Amino acid sequence: NALLLYGVIATNDAFAQIIGQLVGRHLLAPHISPGKTLEGAMGGIVTAGLVGAFTSTIIGWSVANGIWIGLLIAAAGLTGDLTASSWKRALGIKDFSNAFGANGGFLDRFDSLLFAAPIFFLIVVRS
């Protein structure tokens, strides 16, 4: 189960950045996270849904469940990322620490899990 959660979150983050850099034109939340685009967010979420479909079969869930869980978890991950970014803006800081050098601190690397992990936990408990 952790493979699906991590795969979806990592895919969402990576492809949102890649697609946003390639075709992003419309800023998603410029006052919170000026680098994020609507196109990148949608591309990351859709790609994460595909990863959800693939990994769901490994853990014994249906492809349809994997798709909707992947989409839901990716959207929750984006919400966590934006929430952490809004905290940083309110505090006037770029990163929560420099533990990972240019990549920031622990929370900077895993902020997508703020909402995604609890939602995924509830899904797993109910299945």
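That block above? That's the structure.
Computed from a predicted structure; not experimentally measured. (Residues numbered from 1 in each chain as written. Predicted model: local features only at pLDDT ≥ 70, side-chain atom pairs only at ≥ 80, totals over all residues. Heavy atoms only, no water.)

Quick notes on the overall build of the protein chain
Step number 1: In terms of regular secondary structure, the protein chain is built from five helices and two strands.
Step number 2: Listing the helices and strands of the protein chain from first to last along the sequence gives α-β-β-α-α-α-α.
Step number 3: Taken over C-alpha atoms, the radius of gyration comes to 15 Å for the protein chain, in line with the 14 Å a tight globule of 127 residues would show.
Step number 4: Expressed along its principal axes, the backbone C-alpha trace of the protein chain runs to roughly 45 × 30 × 20 Å.
Step number 5: Within the protein chain, the fraction of its 127 residues that count as buried is 39%.
Step number 6: In the protein chain, 62% of the contacts between residues at least 6 apart in sequence involve partners at least 24 apart.
Step number 7: With an accessible surface of roughly 7200 Å², the protein chain has 69% of that area assigned to carbon and sulfur atoms.
Step number 8: Here the protein chain contributes 7 positively and 6 negatively charged side chains, and the mean placements of these two sets differ by 2 Å. (Helix = DSSP H or I, 4+ residues; strand = E, 2+ residues; numbered from the N terminus. Rg over C-alpha atoms; globule rule 2.2 N^0.38 Å. Buried < 20%, exposed > 50% of the residue type's maximum accessible area, 1.4 Å probe, protein only. Contact = heavy atoms within 4.5 Å. Areas by Shrake-Rupley, 256 points an atom, 1.4 Å probe, with all protein chains shown as cover. Lys, Arg positive; Asp, Glu negative; His and termini not counted. Charge placed at Lys NZ, Arg CZ, Asp CG, Glu CD.)

Quick notes on the nonpolar core
Looking at soluble globular proteins, one finds that nonpolar side chains tend to be buried together.
Step number 1: Ranked by size, the top nonpolar core spans 19 residues in total, and within it V8, I69, I73 and F120 carry the most contacts.
Step number 2: Ranked by the residues each element gives to this core, the list is headed by helix α3 (residues 63-91), at six residues.
Step number 3: The residues contacting V8, other than those within four sequence positions of it, are A48, V51, G52, G70, I73 and A74. (Core = buried A, V, L, I, M, F, W, Y, C linked by side-chain atoms within 4.5 Å.)

Overview of the pattern of salt bridges
Step number 1: In this structure the tally under the stated criterion is one salt bridge.
Step number 2: We note a salt bridge from D81 to K36, for which the minimum N-O separation is 3.4 Å. Linking D81 in helix α3 with K36 in strand β2 (residues 33-37), this pair joins segments that are 45 residues apart in sequence.
Step number 3: Among the residues examined, D81 registers a relative accessible area of 13% and is labelled buried. (Salt bridge = Lys/Arg side-chain N within 4 Å of Asp/Glu carboxyl O.)

A few points about α3
Step number 1: A rise of 1.5 Å per residue sets the reference length of α3, with its 29 residues, at 42 Å; its end C-alpha atoms lie 42 Å apart and thus fit the reference within 8%.
Step number 2: G92 sits one or two positions beyond α3 and adopts a positive phi of about 70°. (Expected span 1.5 Å × (residues − 1).)

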